[in-house]
Amino acid sequence: TLMDVVPKIFLFSGCVAIDSAHKTKTFRSAHPMRTSDGLRSCIYLFSTRTLRSSISSTLAMSTTNSAECKPWVANDPEQAKLAKELDVWPLDEHNAALLNQVHPINFKSSKAPHEVYDLIAIGSGAGGLVSTKQSARRGAKSALISAHLAGGDCLNVGCVPSKALLRAAKAIAEVKRAAEFGIEVPEGEISVNFSKIMSRLREKRNTIAPADGHVGTEGTGAHVFQGFGKFTGPNAIEVNGEELKFKKAVIATGGRPTIPNVPGLAEAPYTTNEVLFNLEVLPPRIVVLGAGVIALEMAQCFALFGSDVTVISRSERLFQSKQGDAEAAQLMQSELEKSGVKFVAGKTKQVHTLRERTENTSEFPFMKVTIGAADGDVDLECETLLVATGRSPNVEKLNLEAAGVDYEVGKGVKVTDLGQAVGNPNVFAVGDAVADVPRLTHMSGEMAKLVVQNALFDDDWKLSSFVVPAVAYTTPEYATAGIYSEELAKKKGIEVDVYRGGLEHNDRAILEGDNIGFCKIICAKGSDEILGTTIVAERAGEMINEVTLAMKNKLGLKAIGRNIHSYPTSGEAVMGAGIGYINAHWKTLN
């Protein structure tokens, strides 16, 4: 029951402001934590599905810290128009509940603004939420400015909905393989209900939403302003016509899909991740422009759902433009082709719109894409053209000049190693809005922790100390960190040794029927110093954390090889790379 959970949570909540490994400073909080506030605060800290399942309904009903708002109502035709302006549809029960969390109608906090805030974050994605909530929990007067949907891309149009689709696609793949495991499925009786797949996506996204919603944020003691924020000076931000003063500010405005300069594309009814997850009918044919993480994940999903999917890659092989591992590229393309994905390498020359998009969301437009391939032009027709060619930072409309912040359109805010914006040491920046950092949710969150520590507690955490894993959650998964290939090391002029632990003879992978893949660990030449890794495996995203932990803490590959791993596990492939190092350097009897 709720009362059973609360005392246990409170024991932990009393400790969360203490970081024994770093210097601390005590703020006198202007927000005494009420029972409901403490509960919400702990929910975000834990972020566990167990707590969400037992308490999220309580959060959804709470209006303790905000003025009464008109609720979003499922299937209301007038509200459906408003929701579509926010790029959310259909307005069913799940999306209505989502919007009540992340963009309530006419939201206005009931809390009186502070004269001066210790910290204000512009943007309510992972970076803004962590900055605001953690600073509030640690006693600061903090505020969050949310212009669009709280939770940012990750919750609404990125990590969360994409993983829901990947799970459905994986289930389809497993059913198709059922006979391999002695399970008889009558031929022709497998059917895919795309409408139910998308309904499940919306349901699961809504289950996660309370952790990012305005009520949860205000429950930590922070203030929430729903509107567009921009700088009016080096220590001031305007939102909804009101000027807020700050000691420190965080730019956490995220990014948006980059639209390449292809003739006819700007005028075409293309799709990006910002609206892909609103689909109500399965597109018959999809062309994916780009071959990065979003492109490959969604290509495999929709191919398994039943769409005819073609990926357009600029390079002859996957990951070539970023010097990715050649063996990984070949293996990944082969596995995606088994799922039904087709690949065309070449330059996209032209997009022709043959039928425009209509107001009816169940009707598709029609396009033709021309690619200049090695053997001549290739024309591909499609109902959905998914553009997934990278990200651009949202920095142009923030009036950064007034704050003295240095930035570059297309790249982002320039920051120091401490996360401070170049030009104004009282302004910090995190996540996709920052130049030259990995554009990943976990990077945004970690940068936010650094900002709070450095901005409010005079510490010196450094961005250069980060070891950041990146994962494509395809089947198999593709995970990388650091200097992840010989090709990249060569480009950087670094001599390396590569140690490989394969899955082809891994007992657990054989029994699971997925013994395709490997773990390669790249070390400095002649030593066991780990510089990076590439892992291709069913659970590569789980396996890579062992390697990044070792890198972060300066543990050599020998230590991984000597660490006892549970048997049988796919993670033994990581140990296998370590054993490879040990075997190459052990003593022998002559």
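Reference entry: report on the structure contained in this document. Residue numbers restart at each chain and count upward from 1, following the sequence in its written direction. pLDDT decides what is reported in this predicted model: residues at 70 or higher carry local features, side-chain atom pairs at 80 or more are listed and counted, and totals for whole chains, interfaces and linings draw on all residues regardless. As a rule here, side-chain values come from all non-hydrogen atoms in the structure, and water together with hydrogens is ignored.

Attention now moves to the sheet that holds strand E13 (residues 384–387). If you trace the six strands from one edge of the open sheet to the other, you get E12-E11-E10-E9-E8-E13, paired in mixed fashion. Two strands close off the open sheet at either side, each with one partner strand: strand E12 (376–382) and E13. Sheet twist, expressed as the mean angle between neighbouring strand axes with direction ignored, is 35°. Looking at chain direction, strand E11 (residues 366–373) and E12 are connected through seven bridges and run antiparallel. Residue pairing in the sheet places Ala-373 in a bridge with Gly-376 of E12. Here a residue-residue contact requires only that any non-hydrogen atoms of the pair lie within 4.5 Å. In this analysis an axis means a line fitted to C-alpha atoms, helices contributing only their contacting stretch, and an angle means the value between N-to-C directions, from 0 to 180 degrees. The helix count covers DSSP runs of H or I at least four residues long, the strand count covers runs of E at least two residues long, and both are numbered beginning at the N terminus. Of the strands in this sheet, strand E8 (285–289), strand E9 (308–313), strand E10 (342–355) and E13 touch helix H12 (residues 293–305), which is tilted by about 160° from E9. For two strands to be treated as a pair, DSSP must find no fewer than two bridges joining them.

We now examine unusual backbone geometry. Each neighbour pair has its own omega, and for Trp-89 with Pro-90 the value is -5°, a cis peptide bond. Along the chain, Pro-90 turns up in the loop between helix H4 (77–85) and helix H5 (93–102). Of note, the amide linkage connecting Tyr-567 to Pro-568 takes the cis form, showing an omega dihedral of -5°. Relative to the helices and strands, Pro-568 is located in the loop between helix H19 (557–562) and helix H20 (572–585).

Right, let's get into a nonpolar patch on the surface. Residues Val-175, Phe-181, Ile-183, Val-185 and Ile-190 make up a contiguous nonpolar surface patch of roughly 390 Å² in combined accessible area. Mapped onto the elements, Val-175 comes out in helix H8 (residues 159–176). Patches here are clusters of residues that have more than 30% relative accessible area and form no salt bridge, with a 9 Å joining cutoff for like charges and a 5 Å cutoff for nonpolar side chains (Val, Leu, Ile, Met, Phe, Trp, Tyr). Accessible surface is estimated by sampling points in the Shrake-Rupley manner with a 1.4 Å probe; for residues, cover comes only from the protein chains shown. A side-chain nitrogen of Lys or Arg and a carboxyl oxygen of Asp or Glu constitute a salt bridge if their distance falls within 4 Å.

Under the scheme applied here, a residue whose accessible area is under 20% of the maximum for its type counts as buried, over 50% as exposed, and between as partly exposed, the area being computed with a 1.4 Å probe on protein chains only. The alternating pattern of strand E3 (residues 223–226) places His-223 and Phe-225 and Val-224 and Gln-226 on opposite faces, both of which are buried. Both strand E2 (residues 142–146) and E3 contribute to a ladder of four bridges, which runs parallel. Each residue of the ladder has a partner; that of Ser-146, found in E3, is Gln-226.

Right, let's talk about the nonpolar core for a bit. Take the buried residues of types Ala, Val, Leu, Ile, Met, Phe, Trp, Tyr and Cys, join any two whose side-chain atoms come within 4.5 Å, and each joined set is a nonpolar core. Ranked by size, the top nonpolar core spans 45 residues in total, and within it Phe-231 and Ile-251 carry the most contacts. Setting aside its immediate chain neighbours within four residues, Ile-251 contacts Ile-122, Phe-231, Leu-398, Leu-400, Val-405, Val-413, Val-427, Phe-428, Ala-429, Val-430 and Ala-433. Among the nonpolar cores identified, the runner-up in size contains 44 residues, and Leu-166, Ala-168, Ala-169 and Ala-388 belong to it.

We now examine the side chain of Asp-325. Mapping Asp-325 onto the fold places it in the loop between E9 and helix H13 (326–338). Looking at Asp-325, its side chain comes within polar contact range of the main-chain nitrogen of Glu-327, at 3.0 Å. Distance and chemistry together define a polar contact, namely a pair of N or O atoms within 3.5 Å, with one atom able to donate a hydrogen and the other to accept it when in protein, and with adjacent residues in sequence counting only for side-chain atoms on both sides. Side-chain polar atoms of Asp-325 contact the backbone nitrogen of Ala-328, separated by 2.8 Å. Apart from the residues within four sequence positions on either side, Asp-325 is in contact with Arg-317, Tyr-478, Ser-485, Glu-487, Phe-518, Lys-520 and Thr-534.

For the coordinates displayed, the defined rule picks out 26 salt bridges. One salt bridge in this structure joins Lys-247 and Asp-118, with 3.5 Å as the shortest N-O distance. In this pair, Lys-247 sits in strand E6 (residues 242–251) while Asp-118 sits in strand E1 (residues 116–122), placing the two residues 129 residues apart along the sequence. For Arg-285, the salt bridge identified is with Glu-383, shortest N-O distance 2.6 Å. Taken together, the residues Arg-285 in strand E8 and Glu-383 in the loop between E12 and E13 connect sequence positions 98 residues apart. Via salt bridges that share partners, Asp-325, Glu-327, Arg-500, Glu-504 and Lys-520 belong to a single interconnected network.

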